[in-house]
Amino acid sequence: MQLRWPSLSIRATVLAAIVFGMVLPALVVLGADNYVSRAAHEPLVQRNRAAVLVLATAVVTEPAWTLSEEGLQAAAQRILNEPSVCAVEVRDLQPTQGPLAISAQRCAPGLPVVVRDAPVLHEGQLVANLRLSFDATEIDQLVAQRQGIMWWLVAAQVVVGVVVLLGVLSLRLLRPIHRLKQQASTLAARETMPALVWRQRDELGQLGQHLNTVRARIQELFEELEAKNSQLSKMAMYDHLTGLPNRTLFRELFQHEAAMARRQNDSCALLFIDLDRFKAVNDSMGHAAGDELLLGISQRLTATLRESDIVCRVSGDEFLVLLTQAGQSEQVSITVERLLRAIQAPMLLPRAASTAQVSASIGIALYPADGDDFETLARCADLAMYKSKDMGKGRYCFYQPDLDIALRSRLELERELRQAIANHELLLHYQPVFDMRSARLVGCEALVRWLHPQRGLLMPGTFIQTAEETGLIRELGLWTLDAACAQLASWKAAGLHPGRVAVNVSALQFRDQRLPQVLHTAMQTYDIQSGELELELTESTLMSDTETAQATVASLRELGVALAIDDFGTGYSSLSYIKRLRPDKLKIDRSFVKDLPTDADDRALTEAIVSIAQALSITVVAEGVETAVQRDYLLGLGCSLQQGYLLGRPMAADRLRELMADAESAALA
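These remarks concern the structure in this document. Since we're looking at a predicted model, the values are computed, not measured.

**Brief notes about helix H8 (residues 329–344)**
- An ideal rise of 1.5 Å per residue puts 22 Å on 16 residues; H8 measures up with 22 Å between its terminal C-alpha atoms.
- Within H8, burial applies to Val 332, Ser 333, Thr 335, Val 336, Leu 339, Leu 340, Ala 342 and Ile 343.
- Contacts from the buried residues of H8 go to strand E5 (268–276), helix H7 (287–304), strand E7 (318–323), strand E10 (359–367) and strand E11 (396–398).

Below, the structure is given as structure tokens:
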């Protein structure tokens, strides 16, 4: 078992050290003084005894010579007056009448003595012998007397030293340490109190000054941390751009307001606001202008609503609004219409030195009718917002239960479409394009189909919009390009050629800067030559960002890929853009061909498109030709390239292969 020293405080330790450091040396001094005193007193006592013996002999000489007994008695008493003499004895007197002995004693009988003898001479004649008995404890008494004095002196020195040291210890050590403890306690407790003043310049005073410095620095750090924590808390709960509550804080505020509404049997309305065409502002004016627009919209929302209503920026261009004490749906509609007007008003953007105008699509979910928790209500409002976008944007829509069914169907379709791409369930059909002047096949358009395992062959109208909304259109487009190039290579390997193969490209895929490289790789892989491949784009795709579009068009032309504007005339046509981009082909939309030649408006529009194309030396193709009258009318206008059900429906690759083989045989015959 290991013994441990007891733990003492600094006060007790220093006090023990003082006592031990003073008492131990005092004991050593006393011991040494005892030895030195005894050694010093012994020769003095011996000399004193010798002197007393000489003096005693002189005193006794005269009475011993005269044999005066009274004189001898008086001499003996006189000798006994000496403190160190215990007994006197005069012997061997020269008697004249008989023996005579004189003795006297002063000390106790049992006291140890030291005997000294000396002859008594008178003029050289021995007259008696003198024996003196000296106190043998004389040296011990002297040493004891000195030790007593030394004890008092040492005790006084120790007491005075301890008092002085304790005073110094208290003033220069214990009190400063106590102040340091107080200083450290206030430091740990972060109490607000002035810094302690340290007048002493010793080590503890320097330590105290250092603690003051540390305390000031720690206080600064705590203030910085509190500021940082406040900033982090604000960042965690508020949107950094608009200063509005973010989704986390909005959820907490919603729960509070919902509880109040529940207690008061009241209702709330949750609005999901999504800005329309915000991306166009961001892309055309820059992100700084987009941020300025978002800040302005948030200020308008706050200014339009009541103080009790809560506005939140979710992300990007999406906002949530909680209308407290919403009342009936009619009252909510009035507030939402006021919000739509405020958002749609043109906004000056000083930094961009321009004016922007956007609209908003708003979905509305009512509490507690549509949901009794935040997530459910937000999902309902989100569904209603998408419904309002489908209705034409710049509108609002209340949540209806059937929206959930539509959402589930859309999600299921998205999941199945992802599997279809991965499981190779997609295939291409090809609709031939004929030159009606010679009735010769000059090309075909690749059209994607989905061979669904349960639903059979699906047309693009059932899944293309979902692919565009979910971003799957990019993967779908890449697959279509690769499959069309592979099929063209297969036909060429068989000695057949359908002419130029056209592939539809989505806006998302066309804006992808990797598109030229993807096409270059596919053309090299399948040995596709210049002029054999054509990309069909809508007007809005080609004209949304003319600078980027022009750069992409230039890259595609270097590869020998032709460009066609599909459904021409149904979008935002701009003749100046057509002049700058110079597409290889314009395709007249089937909506203009359907009522030819009986509808005067369709005749005028079709004639105008054909005239524009011919004036700009652009090839024109008519889609949706279903009757011989339409065919002949278009041919009369100079539009010889036609496609439609009259000439050939979209068909599988093998069926088009047979068509090409038959045409080849007819040409040889």
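The structure having been displayed, the exposition proceeds.
**Examining the pattern of salt bridges**
- Under the definition given, this model contains 20 salt bridges.
- Taking the shortest distance from any N to any O, the salt bridge between Glu 375 and Arg 247 comes out at 3.6 Å. Taken together, the positions of Glu 375 in helix H9 (residues 374–390) and Arg 247 in helix H5 (residues 247–263) put the pair 128 residues apart, joining distant regions of the chain.
- For Arg 247, a relative accessible area of 27% corresponds to the partly exposed category.
- For Glu 536, the salt bridge goes to Lys 587, with nearest N and O atoms at 2.7 Å. Placement of the pair is Glu 536 in strand E16 (residues 533–538) and Lys 587 in strand E18 (residues 585–588), with a sequence separation of 51 residues. By the burial criterion, Glu 536 is buried, and Lys 587 matches it.

**Section: the packing of helix H12 (residues 472–493) against helix H14 (residues 515–526)**
- Remark: H12 packs on H14, axes separated minimally by 9 Å, with the N-to-C direction vectors making an angle of 25°. In terms of their interaxial angle, H12 and H14 are classed as roughly parallel. Note that H12 runs across H14; the crossing there is right-handed. Contact residues: H12 offers Leu 478, Leu 481, Asp 482, Cys 485, Ala 486 and Ala 489, while H14 offers Leu 515, Val 518, Leu 519, Ala 522 and Tyr 526.
- For the contact of H12 with H14, the class distribution of residues is 10 nonpolar, no polar and 1 charged.

**Examining the packing of aromatic side chains**
- Using the criterion set out here, one finds 6 aromatic pairs in the structure.
- Taking 6.2 Å as the distance between ring centres and 80° as the angle between the ring planes, the aromatic pair formed by Tyr 396 and Phe 398 counts as edge-to-face.
- Taking relative accessible area as the criterion, Tyr 396 reaches 23% and is therefore assigned partly exposed.
- Linked through ring pairs, Phe 250, Phe 254, Tyr 367 and Phe 374 together constitute an aromatic cluster.
- Positioned over the ring face of Tyr 645 is Arg 649, at 3.9 Å from the centre of the ring.

What counts and how
- Residues numbered from 1 in each chain as written.
- Predicted model: local features only at pLDDT ≥ 70, side-chain atom pairs only at ≥ 80, totals over all residues.
- Heavy atoms only, no water.
- Helix = DSSP H or I, 4+ residues; strand = E, 2+ residues; numbered from the N terminus.
- Expected span 1.5 Å × (residues − 1).
- Buried < 20%, exposed > 50% of the residue type's maximum accessible area, 1.4 Å probe, protein only.
- Contact = heavy atoms within 4.5 Å.
- Salt bridge = Lys/Arg side-chain N within 4 Å of Asp/Glu carboxyl O.
- Axes fitted to C-alpha atoms, helices over the stretch in contact; angles between N-to-C directions.
- Parallel < 35°, antiparallel > 145°, perpendicular 65-115°, else oblique.
- Left-handed = near helix turned anticlockwise from the far one by under 90°.
- Nonpolar A, V, L, I, M, F, W, Y, C, P; charged D, E, K, R; others polar.
- Phe/Tyr/Trp six-rings, centres within 6.5 Å; stacked < 30°, edge-to-face > 60°.
- Lys NZ or Arg CZ within 6 Å of the ring centre and 35° of its normal.

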